[in-house]
Amino acid sequence: MKFSEALKDGKSSEKIVLKLLQNTYQSADRIIGYNKEFDIVVPEANMTIEVKKDFKSQETGNVVIETSMNNNPSGITTTGANWWVFHTDPNKLIWITTFIIRDMIEIEGFKEVEFIGKGDTKKKKAYLVPIEILELYAKRVQAI
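Keep in mind the model is a prediction, meaning the values are calculated, not measured. (Residues numbered from 1 in each chain as written. Predicted model: local features only at pLDDT ≥ 70, side-chain atom pairs only at ≥ 80, totals over all residues. Heavy atoms only, no water.)

Thoughts on the nonpolar core
Ranked by internal contacts, the top residues of the largest apolar core, which has 20 residues, are I65, W84, F86, I101, M104, V129 and L134. If you tally residues by element for this core, the top one is helix α3 (residues 98-108), at four residues. Once you skip the residues sitting within four places of it in the chain, I101 turns out to touch I65, I76, W84, F86 and I96. Core analysis: the second largest hydrophobic core is formed by twelve residues, V17, I40, M47 and W95 among them. (Core = buried A, V, L, I, M, F, W, Y, C linked by side-chain atoms within 4.5 Å. Buried < 20%, exposed > 50% of the residue type's maximum accessible area, 1.4 Å probe, protein only. Helix = DSSP H or I, 4+ residues; strand = E, 2+ residues; numbered from the N terminus. Contact = heavy atoms within 4.5 Å.)

Focus: the sheet that holds strand β9 (residues 124-130)
Strand order in this open sheet of four strands is β5-β4-β9-β8, and the pairing throughout is antiparallel. Lying at the two open borders of the sheet, with one neighbouring strand each, are β5 (72-73) and β8 (113-115). In the sheet, strand β4 (residues 62-69) pairs with β9 via seven bridges, with the strands oriented antiparallel. Within the sheet, the bridge partner assigned to E66 lies in β9 and is A126. (Pairing = 2+ DSSP bridges.)

What about the sheet that holds strand β2 (residues 40-42)?
The six strands are arranged β1-β2-β3-β6-β7-β10 in an open sheet whose pairing can be described as mixed. Edge positions in the sheet fall to β1 (29-30) and β10 (140-143), since each of these pairs with one other strand and no more. As paired strands, β1 and β2 are joined by two bridges and run antiparallel to one another. Each residue of the ladder has a partner; that of D29, found in β2, is V41.

What about α3?
Every α-helical turn comprises 3.6 residues, leaving residues that sit three or four positions apart pointing alike. Those residues of α3 lying buried are T98, I100, I101, M104 and I105. Across the axial projection of α3, the buried residues extend over an arc of 160 degrees, all falling on one side. Exposed and facing more than 90 degrees away from the buried side of α3 are F99, E106 and I107. Looking at the packing, one finds that the buried side of α3 touches β4, β6 (83-89), β7 (92-97), β9 and α4 (131-137). Of the residues flanking the end of α3, it is G109, one or two places downstream, whose phi is positive at about 70 degrees. (Arc of directions from axis to C-beta.)

Some remarks on the pairing of β9
Most of β9 sits inside the fold, with five of its seven residues counted as buried. Relative to β9, β8 runs antiparallel, the two sharing three bridges. Paired with V113 across the two strands is A126, which belongs to β9.

Description of the packing of aromatic side chains
Scanning the entire structure with this criterion turns up two aromatic pairs. Ring centres 6.5 Å apart and planes at 75 degrees place the aromatic pair W83 and W95 in the edge-to-face group. Of the two residues, W83 sits in strand β6 while W95 sits in strand β7, which places them twelve residues apart along the sequence. W95 gets classed as buried once you look at its relative accessible area, which sits at 9%. Centre to centre, the rings of W84 and F86 are 5.8 Å apart; their planes meet at 40 degrees, and the pair counts as tilted. (Phe/Tyr/Trp six-rings, centres within 6.5 Å; stacked < 30°, edge-to-face > 60°.)

The structure is reproduced here in structure tokens:
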């Protein structure tokens, strides 16, 4: 999948999360355009959210938590989000705070791996986190 296709695909997950948030927080909104810090802002709750669609995790058993792309910091390294939501299959969202993700990586001793993702042309570094471990640390696993 090309980057432009992946971006469009990821935006569909942002729309799902936004719709759920707007049931409680009317001012919740997506950030339009590129923003590497977060995807959604909820002013009345002082909340920022990064949404990660990772349906490939159904095949691999792992979610990808990126730390750099093309030797430039990205993902968990540069996030300004206080929440991350992983859309791991069409019927599930995993809600976890950035603080807990960082603790989980340290506690579980995950090591960075380097690879070129399908559709990418540049190397990335990331943690590969088993879905079941992510769910253990998650604040909420939500059926949708």
